[in-house]
Amino acid sequence: VQLQAFGGGLVQTGGSLRLSCADSGSGFFFSISVVGWYRQVPGKQRELVADITNYNSKNYADFVKGRFTISRDNAKNTVYLQMNSLKPEDTAVYYCRGFYGSSWYWGQGTQVTVSS
């Protein structure tokens, strides 16, 4: 499993971004049973933003409910995080993580910066 996260950038308050987490390694994307998006700011612990199972069961942190949407395209080996109504407090490095076999795999982070 080789997860790659991309799509971050600089956006104004109220704007939108779509992050992508693509697997280029396993060839068995559907078997990655859970893929989650996490975020981290300096000095704080990494926190779960949202996750999705291979059967499309979704879970969201309270602070993104109604603003972010996680989705999965198994044909494209990709999980997306659509982020709308962005706030300055959403500024963080966003990471994706997938569970395959008996292990978790992290992708590299992508920076999201929301200006006020």
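Residues numbered from 1 in each chain as written. Predicted model: local features only at pLDDT ≥ 70, side-chain atom pairs only at ≥ 80, totals over all residues. Heavy atoms only, no water.

Let us look at the nonpolar core. Counting 26 residues, the largest nonpolar core has Trp37, Val49, Phe68, Val79, Leu81, Met83 and Tyr94 as its most contacted members. Contributing elements (two or more residues each) for this core: strand 1 (3-6), strand 3 (17-23), strand 4 (34-40), strand 5 (47-53), strand 7 (68-73), strand 8 (78-83), strand 9 (92-100) and strand 11 (110-115). Ignoring any residue separated from it by four or fewer positions in sequence, one finds Val79 in contact with Leu19, Ser20, Cys21, Phe29, Val35, Trp37, Ile52, Ile70, Ser71 and Arg72. (Core = buried A, V, L, I, M, F, W, Y, C linked by side-chain atoms within 4.5 Å. Buried < 20%, exposed > 50% of the residue type's maximum accessible area, 1.4 Å probe, protein only. Helix = DSSP H or I, 4+ residues; strand = E, 2+ residues; numbered from the N terminus. Contact = heavy atoms within 4.5 Å.)

On to the pattern of salt bridges. Opposite charge on two side chains permits them to pair, given that their charged atoms come into close proximity. With the rule as written, the count across this model stands at 4 salt bridges. In this structure, the salt-bridge partner of Glu47 is Arg39, at a minimum N-O distance of 2.9 Å. Residue Arg39 is classed as buried on the basis of its relative accessible area of 7%. Where Arg67 meets Asp90, a salt bridge forms, and the shortest distance between an N and an O atom there is 2.7 Å. Of this pair, Arg67 sits in the loop between strand 6 (58-60) and strand 7 while Asp90 sits in the loop between strand 8 and strand 9, and the two are 23 residues apart along the sequence. Considered together, Arg67 and Asp90 belong to a single accessibility category, that of buried residues. Through salt bridges with shared partners, one network takes in Arg39, Glu47, Arg67 and Asp90. (Salt bridge = Lys/Arg side-chain N within 4 Å of Asp/Glu carboxyl O.)

Bringing the sheet that holds strand 7 into the picture now. Strand order in the open sheet formed by 4 strands is 1-3-8-7, with antiparallel pairing between adjacent strands. Since the sheet does not close on itself, it has two edges, and those belong to strand 1 and strand 7, each with one partner. Looking at each pair of strands side by side, their axes are set apart by 15° on average, direction ignored. Bridge analysis of strand 1 against strand 3 gives 4 bridges, and the strand direction is antiparallel. Paired with Phe6 across the bridge in strand 3 is Ser20. (Pairing = 2+ DSSP bridges. Axes fitted to C-alpha atoms, helices over the stretch in contact; angles between N-to-C directions.)

What follows is about the state of the cysteines. A full pass over the atoms with the stated rule returns 1 disulfide. Each disulfide pairs two cysteine sulfurs, and for Cys21 the partner residue is Cys96, the sulfurs being separated by 2.2 Å. With the S-S dihedral at roughly 75°, the linkage between Cys21 and Cys96 falls on the right-handed side. Separated by 75 residues along the polypeptide, Cys21 in strand 3 and Cys96 in strand 9 bring together distant segments of the chain. On the basis of relative accessible area, Cys21 is assigned to the buried category, the value being 1%. (Disulfide = S-S within 2.5 Å.)

No statement about biological role is implied by the geometric values presented.
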